[in-house]
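# Structure assessment
The lines below spell out each chain.
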Amino acid sequence: MFCPKCGKEYADQVNFCCQCGAAMFTPVRSRKKLERSRTDRKIGGVCGGLGDYLDVDSTIVRLIWVVTVFFGGTGLLAYIIAWIVIPEEPLAEPVKTAAPVSAPQPATNH
């Protein structure tokens, strides 16, 4: 393993170079944002967005939410607050493609 900045060789896996202090790898971060879903929605998209954020099926989130509405009593108020507070995911921008160029048609004389 070599340092990407100074080129010092290391026999073991290290996180930082002890000579120059450079990171030996770039940590991967997932920057998920909590947003209401535009596609997976029944009422306001809160459960669909929460399911996507937590990597859980949105049906399970909906079932848990219904249980809190009937047994906890605060589920409906929490849903309304989440509907107001959580932003909606942005619209997907269409992919722009160039129109195909058609070949010129031969002239016909009749």
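Scroll up a little and you will see the structure.
Presented here is an overview of the structure given in this document. (Residues numbered from 1 in each chain as written. Predicted model: local features only at pLDDT ≥ 70, side-chain atom pairs only at ≥ 80, totals over all residues. Heavy atoms only, no water.)

### Notes on the side chain of R36
- Assignment of secondary structure puts R36 in the segment before α1 (46-54).
- Within the buried core, R36 has no salt-bridge partner, and the shortest N-O distance to an opposite charge, that of E88, equals 4.4 Å.
- At a separation of 3.1 Å, a polar atom in the side chain of R36 contacts the main-chain carbonyl oxygen of G44.
- Polar side-chain contacts of R36 include one of 2.9 Å to the backbone oxygen of I86.
- Excluding its chain neighbours within four sequence positions, the residues that come into contact with R36 are R41, G44, G45, V46, G49, A82, W83, I86, P87, E88 and E89. (Helix = DSSP H or I, 4+ residues; strand = E, 2+ residues; numbered from the N terminus. Buried < 20%, exposed > 50% of the residue type's maximum accessible area, 1.4 Å probe, protein only. Lys, Arg positive; Asp, Glu negative; His and termini not counted. Salt bridge = Lys/Arg side-chain N within 4 Å of Asp/Glu carboxyl O. Polar contact = N/O pair within 3.5 Å; in protein donor to acceptor, adjacent residues only side chain to side chain. Contact = heavy atoms within 4.5 Å.)

### Digging into the packing of aromatic side chains
- Scanning all chains against the criterion turns up two aromatic pairs.
- An angle of 90° between the planes, with centres 5.4 Å apart, marks the rings of W65 and Y79 as edge-to-face. With W65 in helix α2 (residues 58-72) and Y79 in helix α3 (residues 75-85), this residue pair connects regions lying 14 residues apart in the sequence.
- Classification of W65 as buried rests on a relative accessible area of 16%.
- Residue classification places Y79 among the buried positions, given a relative accessible area of 10%.
- A centroid spacing of 6.0 Å and a plane angle of 70° characterise the contact between Y79 and W83, whose relative ring orientation is edge-to-face. Taken as a pair, Y79 and W83 lie in helix α3 at a separation of four residues, close to a single helical turn. (Phe/Tyr/Trp six-rings, centres within 6.5 Å; stacked < 30°, edge-to-face > 60°.)

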